[in-house]
Amino acid sequence: MAERWIPPKPKSRPEGASLWQRLRLARRDFFSSQPDRLYRAWMAQQNAILYQSFLINDPAVIRTILEETPEEFPKSGIIGDTLKPLLGRSVFVTNGTEWSRQRRLIDPAFEGGRLREVFPAMQAAGEAAIDRLSQTTNPVEVEAQTAHLTADVIFRTLFSIPITDSDATDVYEAFRDYQRTQPVLSPISLLRAPAWVPRFRNRAGDRAAATIRRLLGGMIARRAAQIDQGSAPDDLATKIMTATDPTDGSSFTQTEMADQVAIFFLAGHETSASALSWALYLLARDHEVQARVRTEAEAAFADGITFASLRAMPFTRDVFREVLRLYPPVPMMVREAARPTRFRDRSIARGALAILAPWYLHRHERLWQNPDAFDPDRWSRPETTEPARTAYLPFSKGPRVCTGAGFAMMEGVLLLAMLVKAFRFEGVDGEEPMPVTHLTLRSEGGIMLSVAKL
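The shown structure was predicted, so the numbers you read here are calculated from the model rather than taken from an experiment.

## Notes on helix α6 (residues 142–159)
Stage number 1. For α6, built from 18 residues, the straight-helix expectation of 26 Å at 1.5 Å per residue is met to within 8% by its first-to-last C-alpha distance of 25 Å.
Stage number 2. Among the 18 residues that make up α6, 14 are buried, leaving the element largely enclosed by the rest of the structure.
Stage number 3. The backbone nitrogen of E143 has a side-chain oxygen 2.9 Å away, supplied by the residue at the start of α6, namely E141.
Stage number 4. Just downstream of α6, S160 is the residue with a positive phi angle, here 60°.

Written out as C-alpha cells, the structure reads:
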C-alpha cells in the first residue's frame, strides 16, 4: 500500500513544560498545551486545582458515558456557560427533563424522510456559492467562503430565505463578529464558579450575541404570524414551531424557539463550514483523491443533481468521513459525573469532568492504522470496521447524538461534490493551515487555496 500523505496537526507541548508554559500554550490552542502521550493513553488525569478531570479514550468507558448510562454523566456547564448569552436554554446546554422535551419537539423535523425535502435548498445554496467563487481572485480564503455557503444552507432550510435576504445577512455578519471574539472556555467557567459570580464576558461578543438574538426573535415572530395566518412555508422552522410534545401537548414559546434557532445556526453553520473548508484543503493537497471525487460527481450528476445522486457517490462520502475523523468540527465534549464511580481502576468523584475528545480518539495510535494520514480508502478496508464503530464520534453518540447528523452528512457530500465538479483546488506555497480550537476546529490563519473554474 502506498504511503499516504500526513496533513498538519498542532505540536504537543514539550515534556516537562512548566505551568506557565502550559497556560501560554493553552491561550493559543487547547491541544497544543497537551502532552503527546494522549494519542496513546486510554485515560489520563488532567491537572485541575478544584476538581478531578480525566481525558478518556477508552471506547468501553466512552460507551458507558454516552450510551449505557448517559443520565449519570450529564453535559457539563463549563462550555455552555460561556455561550449562554447566545444560546440561552437551548438543547445544546440543557439536561434531564428539559432536554428530553426539547428533543421530542426537534427530532421529528430531522427524521430521515424529511431530508429529501431540504435537498433542493441545499442544492440552491451550492449553486449560489459556485457563482460567488467564480468571481473571486486567487488566492481564496476558503473558510470565509464555506462559512457563507453553510449559513446560506441554514437560512434556506430553516426560513426559506437566501442569505442575500437583509435579515439573514445581518445575522450572518453578527455571528461572524461573535465567533471572532468568543472563547469556548473562560477562566471563571473552568473554576466552575456559582452562577452569581460575574463572568467578565467579552463585551463585543455579548453585543454580537444580543444582535443575533434580536434579529432571530424578529424572524421567529414573523413566522409565528404566518403560521397563525396559514401562510407559512413548510420548512424546518415551521415544522419545529408547530410541533407538539406528545407527553403534554406543549410547543416551543417564541423565546424557546430563539434558543433552538441559535444552536441550529451554531451547530449547522459553524461546524459544517469547518468540515467543508478542511475537506477542500485536503483535496487541494491530494490531487489523486480530488480527481476521484470529481469523476464520481460527474457520473452522479450526469442527468442532473437529484437526491438519488447521493447514493452514487460512496467515495465522496468516505472522503467526508475521513475529513471528520482528522478534523472533527467539535473536537472536545465534556460530561460531569453525577455520582462517584470507577473507570479503569480509578476512583471518579462526583462532579469530576470526563473529557471526551474526538481529536485524540480519532487519531489514537492503538485504535487506527496510520492514524494521522489522510486515507479515505481506509473506510472500505476491514481493519477500519471496529474503530469506525467504537472510536468515531464526530456527532457524539447515544441519546445526545446530534439530531442533525444526517443533515450534515448529506450537506457535506453534496456541497463537496458540487464544488469539486465546478473547480480545481490547489494549495498555495507557504500557506499551510494549522488547526486550533475556537467555537469549532478552525485554521489559525485561515485556509488559502488557489481556485480554478473548470
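Still to come is the rest of the account.
## Brief notes about the pattern of salt bridges
Stage number 1. As enumerated under the stated definition, the model contains 29 salt bridges in all.
Stage number 2. Two residues, E256 and R101, come together in a salt bridge whose shortest N-O distance is 3.3 Å. Of this pair, E256 sits in helix α11 (residues 254–285) while R101 sits in helix α4 (residues 96–106); the two residues are 155 residues apart in sequence, bridging distant segments of the chain.
Stage number 3. For the salt bridge of R104 with D245, the shortest nitrogen-to-oxygen distance reads 2.8 Å. Of this pair, R104 sits in helix α4 while D245 sits in the loop between α10 (236–241) and α11, placing them 141 residues apart in sequence.
Stage number 4. A relative accessible area of 2% places D245 in the buried class.
Stage number 5. Salt bridges sharing common partners tie together R114, E117, D234 and K239.

Cut-off values and rules
Residues numbered from 1 in each chain as written. Predicted model: local features only at pLDDT ≥ 70, side-chain atom pairs only at ≥ 80, totals over all residues. Heavy atoms only, no water. Helix = DSSP H or I, 4+ residues; strand = E, 2+ residues; numbered from the N terminus. Expected span 1.5 Å × (residues − 1). Buried < 20%, exposed > 50% of the residue type's maximum accessible area, 1.4 Å probe, protein only. Polar contact = N/O pair within 3.5 Å; in protein donor to acceptor, adjacent residues only side chain to side chain. Salt bridge = Lys/Arg side-chain N within 4 Å of Asp/Glu carboxyl O.

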